[in-house]
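# Analysis of the macromolecular model
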Amino acid sequence: MHDPVEIRHLRYFLAVAEAGSFSRGADRLGISQPSVSQQMRDLETDLRVRLFERRGKRILLTPSGLIFQEHAHAILSQLENCLQELSSEPGQLRGVLRLGVVPILNVSLVPQLMGVFAPAHPGISLIVEEISSTENETALEEGRMDVGLGFLTRHSPNLRYERLCTDEFALIISAAHPWAKRRVIPFSELHQQRLLQLPDTFVMRRMTDEICRNHQVRPRTVAEINAIETLLRSLAPLQAGALMPKIALRGRESLKLRAVPLRGKKLGLEIGLLRLRDSAANVAVAEFTNLAKSVVPKIISK
């Protein structure tokens with residue numbers, strides 16, 4: 001009699017569940033779609049429950065599937081921690097640290113943070129996921145992330161928000177833009193100016209909308225683009241600007257963009273770490289927090 005669930009079943013199941021599609025899940029796993037579909041059918045047969053249901057072309061989890069997803073995450077996490085402990089030197093910190101980071105900060109901060117943290121703690125495996133601010137907070141509350149790097153919204157009473165640095169919104173433009181040589185721009189001058197914007201699903205877009213309302217400014221939105229890198233690369237061809245924190249350009253010097261300071265009110269924002277209030281016992285999270293508090297201000301000040 002064979003075991004109804006094997007490790008590969010958990011990995012296959014989570015890939016399909018997160019992708020919402022058997023074909024996309026198979027692509028993530030690097031195996032054929034028929035093989036993944038068959039494995040999931042076998043799993044459902046052995047468990048005697050339906051894990052998936054079809055809604056058009058999309059695959060959704062049934063109530064049983066949602067329960068299985070929660071336990072599959074926990075089992076794989078425990079297994080990864082076990083393997084790390086077996087392969088690490090005695091006395092080393094061991095395990096997996098899952099970091100969720102908002103898109104605007106990924107390029108700017110994460111490579112240097114990893115470059116310092118990883119050599120100091122070789123027994124800890126870092127998993128970094130670029131994730132929206134709202135989803136980051138949800139993932140932390142649900143235990144799918146250990147620590148978040150993003151904007152301090154202070155929306156959740158279950159999370160601890162720790163400031164690392166402050167930044168300001170500026171007008172991001174190409175070196176060829178007519179305003180590129182200006183030292184400062186009054187915010188009122190952005191009225192009816194051409195801007196590229198993120199969709200309102202982004203916390204950063206909702207921040208800039210509020211700033212515009214406070215200044216009674218209505219810019220002309222040329223396009224909404226949901227990818228930071230694409231938006232920034234489109235500024236020169238579209239002869240437009242973008243309202244973003246200055247840190248958006250750190251690590252993107254090759255794009256030849258400028259962050260022109262704005263004169264206005266309440267243009268600042270806080271950047272920092274997010275974690276569950278009861279995460280103090282997690283030594284890996286505590287070590288990463290201490291390192292970020294030391295390193296991020298130095299990165300910003302350069």
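Everything below is about the structure shown above.
Residues numbered from 1 in each chain as written. Predicted model: local features only at pLDDT ≥ 70, side-chain atom pairs only at ≥ 80, totals over all residues. Heavy atoms only, no water.

### What to know about the overall build of the protein
- Looking only at helices and strands, one finds nine helices and twelve strands in the protein.
- Dimensions of the protein along its principal axes, counting C-alpha atoms only, are 75 × 50 × 35 Å.
- Here the protein holds 302 residues, and 46% of them are scored as buried.
- Once local pairs closer than 6 in sequence are excluded, the contacts in the protein between residues at least 24 apart make up 74%.
- Averaged over its 40 positive side-chain charges, the protein has a centre that lies 10 Å from the centre of its 32 negative ones. (Helix = DSSP H or I, 4+ residues; strand = E, 2+ residues; numbered from the N terminus. Buried < 20%, exposed > 50% of the residue type's maximum accessible area, 1.4 Å probe, protein only. Contact = heavy atoms within 4.5 Å. Lys, Arg positive; Asp, Glu negative; His and termini not counted. Charge placed at Lys NZ, Arg CZ, Asp CG, Glu CD.)

### So, unusual backbone geometry
- In the Ramachandran plot, Arg154 falls in the positive-phi region, its phi being about 55 degrees despite a non-glycine side chain.
- Here Arg154 lies in the loop between β5 (147–151) and β6 (159–174).
- Given a relative accessible area of 45%, Arg154 falls into the partly exposed group.

### Here's the deal with the packing of aromatic side chains
- Tallying each qualifying case throughout the model produces four aromatic pairs.
- Ring geometry for Phe13 and Phe68: centres 4.9 Å apart, planes at 85 degrees, overall edge-to-face. With a gap of 55 residues between them, Phe13 in helix α1 (residues 7–19) and Phe68 in helix α4 (residues 63–87) connect regions that are remote in the sequence.
- Ring pairing ties together the aromatic residues Phe13, Phe22, Phe52 and Phe68, which thus form one cluster.
- Just above the ring of Trp179 sits the side chain of Arg182; from NZ or CZ to the centre is 5.2 Å. (Phe/Tyr/Trp six-rings, centres within 6.5 Å; stacked < 30°, edge-to-face > 60°. Lys NZ or Arg CZ within 6 Å of the ring centre and 35° of its normal.)

### Notes on empty space enclosed by the protein
- Overall, the coordinates contain two cavities of 30 Å³ or more when judged by the stated rule.
- Approximately 90 Å³ is the volume attributed to the largest cavity.
- Lining the largest cavity are Val102, Pro103, Ile104, Ser132, Ser133, Phe151, Thr201, Phe202, Val203, Met204 and Ile228.
- The residue makeup of the lining of the largest cavity, split by class, is eight nonpolar, three polar and no charged.
- Size it by volume and the second largest cavity reaches roughly 60 Å³.
- Along the walls of the second largest cavity sit Leu196, Gln197, Leu198, Met204, Arg205, Thr208, Leu231, Ala242, Leu243 and Met244, which together make up its complete lining.
- Class assignment of the residues belonging to the lining of the second largest cavity gives a composition of seven nonpolar, two polar and one charged. (1 Å grid on protein atoms, 1.4 Å probe; cavity = no way out; pocket = protein on both sides within 12 Å on 5 of 7 lines; lining within 4 Å. Points joined across faces, edges and corners; volume = space filled by probe spheres on them. Nonpolar A, V, L, I, M, F, W, Y, C, P; charged D, E, K, R; others polar.)

### Quick word on the layout of surface pockets
- Size it by volume and the largest pocket reaches roughly 1,100 Å³.
- Around the largest pocket sit 33 residues that line it, and Leu14, Glu18, His73, Arg98 and Arg144 are the ones nearest its centre.
- Looking at the lining of the largest pocket, the elements that each hand over two or more residues are α1, α2 (22–29), α4, β3 (95–101), β4 (124–130), α6 (133–142) and α9 (283–301).
- Per-element accounting of the lining of the largest pocket gives the leading share, nine residues, to α4.
- Its residues assigned to classes, the lining of the largest pocket comprises 14 nonpolar, seven polar and twelve charged.
- By volume, the second largest pocket is sized at about 290 Å³.
- Around the second largest pocket, the lining comprises 13 residues; the ones closest to its centre are Met207, Glu210, Ile211, Lys266 and Gly268.
- Of all elements in the fold, only α7 (203–214) and β12 (268–276) reach the threshold of two or more residues within the lining of the second largest pocket.
- When residues of the lining of the second largest pocket are assigned to their parent elements, the largest contribution, six residues, is made by α7.
- Its residues placed into classes, the lining of the second largest pocket shows seven nonpolar, two polar and four charged.

### A look at the packing of α1 against helix α3 (residues 33–47)
- One way to put it is that α1 packs onto α3 with a least axis distance of 10 Å and a crossing angle of 110 degrees. In terms of axis orientation, α1 runs roughly perpendicular to α3. For the pair α1 and α3, the sense of crossing is left-handed. From α1, Arg8, His9, Tyr12, Phe13 and Val16 reach across to α3, where they touch Val36, Gln39, Met40 and Leu43. (Axes fitted to C-alpha atoms, helices over the stretch in contact; angles between N-to-C directions. Parallel < 35°, antiparallel > 145°, perpendicular 65-115°, else oblique. Left-handed = near helix turned anticlockwise from the far one by under 90°.)

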